[in-house]
Amino acid sequence: MGSGEYVPGSVYFYAPNKGAAIFFAIAFAFSGFYHIYQCIHYKSWRLTGLYVFCAILFASGFVVRAWGAFDYTDLIKYIVSVCLIYGAPPLLELANYNILGRVLYFAPYHSPIHPGRVITTFAFISAVVEALNGNGVSLTANQSLPKWRQNIGRALLKASLMIQVVVIVLFILLAAVFHRRCWKAGMRNKKLYNPLYTLYISTTLLFARTVFRVVEYWSIAEHDYWKPGFDPKTLSPAIRYESFFYVLEAMLMLISHVLLNTRHPRMWLPKSTKTYLSRGDGVTEIDGPGYKDGRPFWLTLVDPFDVHGLLSGRKKEGGNFWDGDGDRTGKKANDAV
């Protein structure tokens, strides 16, 4: 995919590969259509609907990139494609956070955090990341803007990328703590662990992609490329060769999407957040009252772990409802790992 030489007039640095862009546009479109079918089949729009939106962003981004490949001097097409393609991964992360929240509802007594706070807390952070990412990309990609505005865009992108790395690490730690608690308690239900394994793989792919983006961006952030006398060969190979973008950005994200198609969370998780596994045998599924949090919404954002409640000794709303699950009836299946 290219010789690594600068193509005069190209806003991409190289002449974009038309076939690769078309392939990924079609591939993400197919994945998105299959996600739509799965949302209908499993009735899981609230749980996995974000995967559909992410696929639309990716497919649209690669459609525009393929269009721009026929005129690689067009700055508008470049900016639009970059904003769409780079804006999708943070939403893919958010979709994974939503899945983890549903897994925590399935065994709420081992959750380090109220399950409902996973999506609200990480959604707030993702909104910040999306705002930083979108504004940073648009300011940085537009070489016609004054240098001080481009520098602002670079700073926003740096902040966005670093926040993404930190958040992914915290997400993995949260899932790992929950996983360890369940395993130590003797729970061996594949319905609980299979979604976690899927999330580990998907999040690892996202982490690898984000690290690539950090390395890629830091390698060019201080360069004034397009400045007279600048030698394009001093740029990182990650910028000069399009293959890096397709392997470490497009392919990793496509694998993550297809992974969620083949290992859809609703294959194991119940439809309702009120359904949880019996603490006694870890197999019987019980319909409970639901895990409630009566605190104001703003307080759940700034204090998702309810540190104030722990320090003040305030009891949870509804108490630990699972303590009496022996008095409830449920359905039992042979789902041991």
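Residues numbered from 1 in each chain as written. Predicted model: local features only at pLDDT ≥ 70, side-chain atom pairs only at ≥ 80, totals over all residues. Heavy atoms only, no water.

As named in an unreviewed UniProt entry, the protein chain is RTA1 domain protein, taken from Triangularia setosa.

Participant: Before we go on, may I ask you to explain the packing of helix 2 (residues 45–69) against helix 8 (residues 242–262) in this structure?
Facilitator: Relative orientation and spacing of two packed helices are given, respectively, by the angle between their axes and the distance between those axes. One way to put it is that helix 2 packs onto helix 8 with a least axis distance of 11 Å and a crossing angle of 150 degrees. Accordingly, the angle class assigned to the pair helix 2 and helix 8 is roughly antiparallel. Every pair of crossing elements has a handedness; the one defined by helix 2 and helix 8 is left-handed. Residues Tyr51, Cys54, Ala55, Phe58, Phe62 and Arg65 of helix 2 form the contact with helix 8, whose participating residues are Glu242, Phe245, Tyr246, Ala250, Met253, His257 and Leu260. Tallied by class, residues from the contact of helix 2 with helix 8 come to 10 nonpolar, 1 polar and 2 charged. (Axes fitted to C-alpha atoms, helices over the stretch in contact; angles between N-to-C directions. Helix = DSSP H or I, 4+ residues; strand = E, 2+ residues; numbered from the N terminus. Parallel < 35°, antiparallel > 145°, perpendicular 65-115°, else oblique. Left-handed = near helix turned anticlockwise from the far one by under 90°. Contact = heavy atoms within 4.5 Å. Nonpolar A, V, L, I, M, F, W, Y, C, P; charged D, E, K, R; others polar.)

Participant: Quick question: what am I supposed to make of the nonpolar core here?
Facilitator: When a protein is soluble and globular, its nonpolar side chains tend to lie buried together. If you look at the biggest cluster of nonpolar residues, it comprises 73 residues, and the most contacted ones within it are Phe62, Leu100 and Leu192. With 14 residues, the single largest contributor to this core is helix 3 (residues 75–106). With near-sequence residues (within four places) excluded, phenylalanine 62 lies in contact with Ala21, Phe24, Ala25, Phe28, Ile85, Phe245, Tyr246 and Ala250. (Core = buried A, V, L, I, M, F, W, Y, C linked by side-chain atoms within 4.5 Å. Buried < 20%, exposed > 50% of the residue type's maximum accessible area, 1.4 Å probe, protein only.)

Participant: Can you help me understand the side chain of histidine 179 in this one?
Facilitator: Within the secondary structure layout, histidine 179 lies in helix 5 (residues 147–184). When near neighbours in sequence (up to four residues on either side) are disregarded, histidine 179 contacts Tyr193, Leu196, Tyr197 and Tyr200.

Participant: What is the right way to read the UniProt feature "transmembrane region" (unreviewed entry) in the protein chain from this model?
Facilitator: Taken from the UniProt record, the annotation "transmembrane region" (unreviewed entry) applies to residues 20–37, 49–70, 76–97, 118–139, 159–178, 199–218 and 238–260. Split by type, residues 118–139 is 100% helix and 0% strand. Its first and last C-alpha atoms lie 31 Å apart. Helix makes up 100% of residues 159–178 and strand 0%, with an end-to-end C-alpha separation of 29 Å. (UniProt positions renumbered as here; feature names shortened; annotations may be inferred.)

Participant: What's the story with the pattern of salt bridges in this structure? I'm lost.
Facilitator: The full count for this structure, using the stated rule, is 5 salt bridges. When the shortest N-O distance is used, the salt bridge between lysine 77 and aspartate 74 registers 2.6 Å. One exposure class covers both lysine 77 and aspartate 74, and it is buried. For glutamate 285, the salt bridge is made with lysine 191, and the minimal N-O distance between the two is 2.9 Å. One end of the pair, glutamate 285, is in strand 2 (residues 285–287); the other, lysine 191, is in helix 6 (residues 190–220), with 94 residues separating them in the sequence. Judged by relative accessible area, which is 8%, glutamate 285 ranks as buried. (Salt bridge = Lys/Arg side-chain N within 4 Å of Asp/Glu carboxyl O.)

Participant: Can you help me understand the packing of aromatic side chains in this one?
Facilitator: The way to describe two aromatic rings as a pair is by their centre distance and the angle between their planes. Evaluated as defined, the whole model comprises 17 aromatic pairs. Between tyrosine 12 and tyrosine 78, the aromatic rings sit 4.9 Å apart at their centres with planes inclined by 85 degrees, giving edge-to-face as the arrangement. A residue pair is termed long-range when its members are at least 10 positions apart, and tyrosine 12 in the segment before helix 1 (18–42) and tyrosine 78 in helix 3 qualify at 66 residues. For the ring pair tryptophan 183 and tyrosine 193, a centre distance of 5.5 Å and an interplane angle of 70 degrees mean the geometry is edge-to-face. (Phe/Tyr/Trp six-rings, centres within 6.5 Å; stacked < 30°, edge-to-face > 60°.)

Participant: What am I meant to see in the environment of isoleucine 163 here?
Facilitator: Structurally, isoleucine 163 can be placed in helix 5. Taking relative accessible area as the criterion, isoleucine 163 reaches 28% and is therefore assigned partly exposed. Between the C-alpha atoms of isoleucine 163 and valine 129, which are 34 residues apart in sequence, the distance is 7.1 Å. Leave out the neighbours within four places in its chain, and isoleucine 163 touches Ile125, Val129 and Leu132.

Participant: Quick question: what am I supposed to make of helix 1 here?
Facilitator: Three- or four-residue spacings in an α-helix give side chains the same orientation, since the helix completes a turn every 3.6 residues. Look at helix 1: 36 Å from first C-alpha to last across 25 residues, which is about the 36 Å you get at 1.5 Å a residue. Within the span of helix 1, buried status applies to Ala20, Ala21, Phe24, Ala25, Ala27, Phe28, Ser31, Gly32, His35, Gln38 and Cys39. Where helix 1 is buried, its residues touch helix 2 and helix 8. The opening residue of helix 1, the one whose side-chain oxygen lies 3.0 Å from the backbone nitrogen of glycine 19, is asparagine 17. Lysine 43 sits one or two positions beyond helix 1 and adopts a positive phi of about 55 degrees. (Expected span 1.5 Å × (residues − 1). Polar contact = N/O pair within 3.5 Å; in protein donor to acceptor, adjacent residues only side chain to side chain.)

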